[in-house]
Amino acid sequence: MSSSVVSVVLVGCGAPLRSMGWYHATQLLNKDSNILARLDYVVEPWYMSDEGNGSPGFTEFIEFKESLEKSNGVTFYATVDEVPRSENAQETRLAIISARTADNPKLFEACLNIGCQSIFLEKPGAPSVSELNAMMESAKTKGVSVFMGFNKNVSKFATKAREYANNHPGTNVTFVHNNNYDSTEESLGECFERNAEGMLKNMAIHELALLVTFYGVSVETIDSVEADMEYSSCKTLKGPSGKDFTDFDKLKFTITTKNGTIISVAADRCGGDDSVGIVTDSEGKELARFTMPDEEDATTIANAEKRIAGANQYFYVQDPDYAMLKREWQKLSWKELFPKVWRRLT
């Protein structure tokens, strides 16, 4: 393998062209992403299990696996425990966990046990707050930093919407998150099953992260939550397994905090490919709108589509932000782990 700053273990590759773990791998391997890290190991619990063998996406995964083994020297495992423990004091080992939410707590603990010094954990991280708290305490005990993969915290559209609102007192912001699933029972049923934690924990969690990070929203600070019943829609549909799954395909709500902050979130599984920050006055009149992607992103997105054709559209739309997020994670990890080296480099 070629030399690099850090070694990465990717946990949860999933189906090529469809899964976030797969896309993390493609960005790490793309030199133009400028992520100073080397993908050494991939752990895929589903497709490398007896149950996952032959399931939808299996053939594509095997082709991807064989390609990375041959061209990039990446080693694949079915479990984290199989990955050789990092014993090299000169090696910085980072982990990206992008697996099924229900599996994350055990996978997280396993990454701690193989010497991972920093972990990039995809949302929502775990099925419950109590499990997240236990994971946090375990990481603290072992001195491991954990970063959540909330790409919209670094998105231009969200930053511009916040800045505009801050410069115009008395305004309110609505963050809109759209996906481009077909408005059919088959398409949404597959979405509901694959993202079984539900829209709030899977899709709108990005907007909730913005509210927590920049608007001071927490259980303690919320005064009221008002659902937009006319906009929102909840359905029960069959997934590919034949089981029923109940979730929102559209959802909108407004949170008012105890200090008077009003902030709204809307999410639509079939609304398109964009995310939007809308600033309105106190009477609801729109004053400004900021969109991801914008015209500046067009070239980057076009290049991403040329590099890998046929993927879910939102991978291309969010390509610049996810690359930036991983670069910042890698930098922060180095800064925390090796402060003396970091000071020399900067």
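All values reported here derive from a predicted model rather than from experimental measurement.

(A) Representation of the overall build of the chain. Broken down by element type, the chain carries 12 helices and 13 strands. Relative to the compact-globule value of 20 Å for 346 residues, the chain shows a C-alpha radius of gyration of 21 Å, a close match. Taken over the C-alpha atoms alone, the chain extends approximately 60 × 55 × 45 Å along its principal axes. The buried share of the chain, reckoned over its 346 residues, is 49%. Across the chain, contacts joining residues at least 24 apart in sequence account for 71% of those joining residues at least 6 apart. Roughly 17100 Å² of accessible area belongs to the chain as shown, and the carbon and sulfur atoms make up 50% of that amount. Positive and negative side-chain charges of the chain, numbering 36 and 49 respectively, have mean locations separated by a distance of 6 Å.

(B) Seen up close, the pattern of salt bridges. Tallied over the entire structure, the rule returns 16 salt bridges. Note that Glu207 and Lys152 form a salt bridge whose closest N and O atoms lie 2.6 Å from each other. One end of the pair, Glu207, is in helix 8 (residues 205-215); the other, Lys152, is in the loop between strand 6 (145-148) and helix 5 (156-166), with 55 residues separating them in the sequence. For Lys331, the salt bridge goes to Glu328, with nearest N and O atoms at 3.8 Å. Placement of both Lys331 and Glu328 in helix 11 (residues 319-337) is noted, with a separation of 3 residues, approximately one turn of the helix. Judged by relative accessible area, Glu328 falls into the partly exposed class, the value being 35%. Salt bridges linked by common partners bring Lys156, Lys160, Asp294, Glu296 and Asp297 together as one network.

(C) Just the pairing of strand 7 (residues 172-178), in detail. Taking burial as the measure, the 7 residues of strand 7 include 7 buried ones, the bulk of the element. Alternating residues of strand 7 divide into Asn172, Thr174, Val176 and Asn178 and Val173, Phe175 and His177, and every residue in both groups is buried. In terms of strand pairing, strand 7 meets strand 12 (residues 275-280) through 6 bridges, oriented antiparallel. Bridging across to strand 12, His177 finds its partner in Ser275. Here strand 7 pairs with strand 11 (residues 262-268) via 6 bridges, running parallel. Opposite His177, over in strand 11, you have Ala267 as the bridge partner.

(D) A look at the packing of aromatic side chains. On inspection of all chains with the given rule, the structure shows 12 aromatic pairs. The interplanar angle of 20° and the centroid separation of 5.4 Å between the aromatic rings of Tyr47 and Phe61 together place this pair among those described as stacked. Taken together, the residues span a long stretch of sequence, with Tyr47 in the loop between strand 2 (38-43) and helix 2 (58-72) and Phe61 in helix 2 at a distance of 14 residues. Chaining the aromatic ring pairs together yields one cluster made of Trp22, Tyr23, Tyr314 and Phe315. Of note, Lys250 hangs over the ring of Tyr231, and the distance from its end group to the ring centre comes to 4.4 Å.

(E) Quick look at the environment of Pro127. The topology assignment puts Pro127 in the loop between strand 5 (118-121) and helix 4 (129-141). Once the C-alpha coordinates of Pro127 and Ile35 are considered, the two residues, 92 residues apart in sequence, prove to be 30 Å apart. Setting aside residues no more than four positions away along its own chain, Pro127 makes contact with Thr101, Ala102, Pro105 and Lys201.

(F) Looking closely at the nonpolar core. Trp22, Leu28, Leu39, Val42, Ile96 and Phe315 are the most contacted members of the largest nonpolar core, which has 41 residues in total. Top element by residues in this core is helix 1 (residues 20-29). It accounts for 5 residues. Residue contacts for Trp22: discarding those within four places in its chain leaves Cys13, Ala15, Pro16, Leu17, Phe64, Ile308, Ala311 and Phe315. Within the second largest apolar cluster, 24 residues are counted, among which are Ala161, Val173, Val217 and Met292.

(G) Spatial organisation of helix 5. Phe157, Ala158, Ala161, Arg162 and Ala165 are the residues of helix 5 that are buried. One face of helix 5 carries all of its buried residues, which in axial projection span an arc of 130°. The secondary structure elements touched by the buried residues of helix 5 are strand 7, helix 8, strand 12 and strand 13 (286-292).

(H) Broad picture of helix 3 (residues 104-113). Most of helix 3 is tucked away, with 7 of its 10 residues classed as buried. For helix 3, the complete set of buried residues consists of Asn104, Pro105, Leu107, Phe108, Ala110, Cys111 and Leu112. If you follow the buried residues of helix 3, they end up packed against strand 1 (7-11), strand 4 (93-97), strand 5, helix 4 and strand 6. Just downstream of helix 3 lies Gly115, where phi reads positive at about 90°.

(I) Just the environment of Ser282, in detail. The residue Ser282 is located in the loop between strand 12 and strand 13 in this model. Every residue in contact with Ser282, bar those within four places of it in the chain, is listed here: Gly170 and Asn172.

(J) View of the sheet that holds strand 3 (residues 75-77). Strands sit in the order 3-2-1-4-5-6 across an open sheet of 6 strands; the sheet is parallel. At either end of the open sheet lies a strand with only one pairing partner, and these are strand 3 and strand 6. Going across the sheet, the axis of each strand differs from the next one's by a mean of 20°, ignoring polarity.

Calculation notes
- Residues numbered from 1 in each chain as written.
- Predicted model: local features only at pLDDT ≥ 70, side-chain atom pairs only at ≥ 80, totals over all residues.
- Heavy atoms only, no water.
- Helix = DSSP H or I, 4+ residues; strand = E, 2+ residues; numbered from the N terminus.
- Rg over C-alpha atoms; globule rule 2.2 N^0.38 Å.
- Buried < 20%, exposed > 50% of the residue type's maximum accessible area, 1.4 Å probe, protein only.
- Contact = heavy atoms within 4.5 Å.
- Areas by Shrake-Rupley, 256 points an atom, 1.4 Å probe, with all protein chains shown as cover.
- Lys, Arg positive; Asp, Glu negative; His and termini not counted.
- Charge placed at Lys NZ, Arg CZ, Asp CG, Glu CD.
- Salt bridge = Lys/Arg side-chain N within 4 Å of Asp/Glu carboxyl O.
- Pairing = 2+ DSSP bridges.
- Phe/Tyr/Trp six-rings, centres within 6.5 Å; stacked < 30°, edge-to-face > 60°.
- Lys NZ or Arg CZ within 6 Å of the ring centre and 35° of its normal.
- Core = buried A, V, L, I, M, F, W, Y, C linked by side-chain atoms within 4.5 Å.
- Arc of directions from axis to C-beta.
- Axes fitted to C-alpha atoms, helices over the stretch in contact; angles between N-to-C directions.

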